[in-house]
Amino acid sequence: MENASNVTHSSTTVSKQTSTSTLLIIQILCYSAIIAVGTFGNILIFVSIGTKTKRKISDYFILNLTITDLLCCVVSIPFDIMELVLGYWPLGLLMCKIVYPLQTVLMAVSVVTLLFMALERHRAIIYPLKPKIRGRYVILTIIILWITAFALVTPYINTLGLHGSHCIENWPGKSHAKAFTLCVFVLLYVTPLSIILAVFIRVALRLRNSNYTITRAFGNTMIGRQMCEKRSKRNVRVLKIFVSAVVAFAVCFLPFQVMWLWNDFGDAKNHKYLNDIFTFSYIMVYSNSAINPFIFSALSQKFRSFIRRSISRKRTSIQPSYVNRRPSLGAILKSSFHNRRSRTSARIHFNEDLETPMKSLVHE
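Analysis parameters
Residues numbered from 1 in each chain as written. Predicted model: local features only at pLDDT ≥ 70, side-chain atom pairs only at ≥ 80, totals over all residues. Heavy atoms only, no water. UniProt positions renumbered as here; feature names shortened; annotations may be inferred. Axes fitted to C-alpha atoms, helices over the stretch in contact; angles between N-to-C directions. Helix = DSSP H or I, 4+ residues; strand = E, 2+ residues; numbered from the N terminus. Parallel < 35°, antiparallel > 145°, perpendicular 65-115°, else oblique. Left-handed = near helix turned anticlockwise from the far one by under 90°. Contact = heavy atoms within 4.5 Å. Nonpolar A, V, L, I, M, F, W, Y, C, P; charged D, E, K, R; others polar. Disulfide = S-S within 2.5 Å. Buried < 20%, exposed > 50% of the residue type's maximum accessible area, 1.4 Å probe, protein only. Phe/Tyr/Trp six-rings, centres within 6.5 Å; stacked < 30°, edge-to-face > 60°. Pairing = 2+ DSSP bridges. pLDDT = per-residue confidence, 0-100. Salt bridge = Lys/Arg side-chain N within 4 Å of Asp/Glu carboxyl O.

Going by an unreviewed UniProt entry, the protein carries the name G-protein coupled receptors family 1 profile domain-containing protein and comes from Exaiptasia diaphana. According to its UniProt record, the protein has this under Subcellular location (unreviewed entry): "Membrane". What UniProt states about the protein under its Sequence similarities (unreviewed entry) heading is, verbatim, "Belongs to the G-protein coupled receptor 1 family."

Shown next as structure tokens:
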């Protein structure tokens, strides 16, 4: 009986190690794909806007969001992969206190920039007669935003430390950790999503009513029908931008936020599949950095044209090469999830249509 028990226990241990190793490989492959797609797509967007001779207000915000996406792809995710592969944090206390807060900064900057973009679109469409904000004021606002974000993570830096060879949070008590989780959920998910939804509803109503205004002004004439048709196409494009941005934000962030609420306020630590669920939530959050370029390119003709030209130039200038890529599985590693929500920088990006869809409202 004792031998049978030992065999059963040994079989269970091997099964768990195999499952952990498989999950780790899947996670690293997903992270690598996000890095490749996100870096390529966001560089194209950055170049397409950066080469413009004249930029609108939204262009500055899009550039800022693109920078945070690029930092996520080239800083955040690679550090996660390094820690997953090694099984520990190898860069010491100083880098622990620099890298982890940096991810919180990226997340905060992204969400607040999102709100600025939503409010700017709201101002442009609801109050088209108001003077436009100058570019230098937008740049100054973005600089202040980054400084404020770094200042806000100062208390969080004090909670970070090395526990053995792992960089983890060391809160004075469980109540502090719960308060932090709740603040992140309210300030970086519920509040921005609610504001965006309210802005979306008001803008949608205004866009719908604008067609009625044109019809009333021009009647059932050819000019009136043409203006309504043109306006309707622009309205659909604007609505797609808002809907895509809200859906991407809500879907990518929801599993992550729910998991940490469950972890700190519930009994998630006792769940046998906690490791798998956390892995899925992190992949979802990081994938937002790779999804956003597709939102931009799908809803903007200029972005699509720029991407097509860039790809065609690469095809004509680079000869195909064939390399066998056989990733080494290495030793069986245990995946640890002491990293909290500070290891993410997923953001939702609004991309306004490159031409303000409400220009004709000036003549209402």
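On to the packing of helix α2 (residues 57–86) against helix α4 (residues 135–152). For the pair α2 and α4, interaxial distance at closest approach is 9 Å and the crossing angle is 30°. Overall, the two elements α2 and α4 adopt an arrangement that is roughly parallel. Where α2 crosses over α4, the two elements pack in a sense that is right-handed. Together, I57, Y60, F61, N64, T68 and L71 of α2 and G135, V138, I139, I142, L145 and W146 of α4 make up the contact between the two elements. Of the residues in the contact of α2 with α4, the class split is 9 nonpolar, 3 polar and no charged.

This next bit is on the state of the cysteines. Under the definition given, this model contains 1 disulfide. Disulfide pairing places C96 opposite C167 at an S-S distance of 1.8 Å. Taking the sign of the torsion about the S-S bond as the criterion, the disulfide between C96 and C167, at about 65°, is right-handed. Of the two residues, C96 sits in helix α3 (residues 92–126) while C167 sits in strand β2 (residues 166–169), which places them 71 residues apart along the sequence. Residue classification places C96 among the buried residues on the basis of a relative accessible area of 0%. No disulfide involves C73; its sulfur sits 5.2 Å from that of C72, the nearest cysteine. A residue is classified by how much of its surface remains accessible, and C73, at 0% relative accessible area, is buried.

As enumerated under the stated definition, the model contains 15 aromatic pairs in all. Ring centres of Y156 and F180 lie 5.6 Å apart, and the angle between their planes is 5°; on these two criteria the pair is classed as stacked. A residue pair is termed long-range when its members are at least 10 positions apart, and Y156 in helix α5 (residues 154–159) and F180 in helix α6 (residues 174–218) qualify at 24 residues. Pairing Y189 with F249 gives two aromatic rings, centres 5.4 Å apart and planes at 25°, and the pair type is stacked. Linking Y189 in helix α6 with F249 in helix α7 (residues 222–265), this pair joins segments that are 60 residues apart in sequence. Pair check on accessibility: Y189 and F249 agree, each one buried.

Attention now moves to the environment of A290. If you trace the backbone, A290 turns up in helix α8 (residues 274–299). Take A290: its relative accessible area is 9%, and that puts it in the buried class. Each C-alpha atom of the pair A290 and G38 lies 3.9 Å from the other, and the pair is 252 residues apart in sequence. Ignoring sequence-local partners within four residues, the contact set of A290 consists of I34, V37 and G38.

Side-chain alternation along β2 places C167 and E169 on a buried face and H166 and I168 on a face that remains uncovered. Hairpin geometry of strand β1 (residues 160–163) and β2 is characterised by an intervening segment of 2 residues between the two adjacent antiparallel strands and by a positive phi of about 70° at G164.

The next thing to look at is the confidence of the model for the protein. Chain-level pLDDT for the protein is 75 on average; 69% of the residues reach the 70-or-more range. Ranking the elements of the protein by mean pLDDT puts helix α9 (residues 301–317) last with 63 and α4 first with 90. Across residues 1–15 the pLDDT falls below 50, and counting only partners more than four positions away or on other chains, this stretch makes 0 contacts in the model. Here residues 341–364 scores under 50 on pLDDT; set against residues more than four positions off or in separate chains, the count is 116 contacts.

The next thing to look at is the pattern of salt bridges. Across all of its chains, the model carries 2 salt bridges by this definition. Close ionic contact of E120 with R121 constitutes a salt bridge, the shortest N to O distance being 3.3 Å. The two residues E120 and R121 agree in class, both being buried. Its salt-bridge partner being E120, residue R123 comes within 3.6 Å of it at the nearest N-O pair. Of this pair, R123 and E120 both sit in helix α3, 3 residues apart, which is roughly one turn of that helix. With relative accessibility at 16%, the residue R123 sits in the buried group. Ionic contacts of the salt-bridge type, sharing partners, join the residues E120, R121 and R123 into one network.

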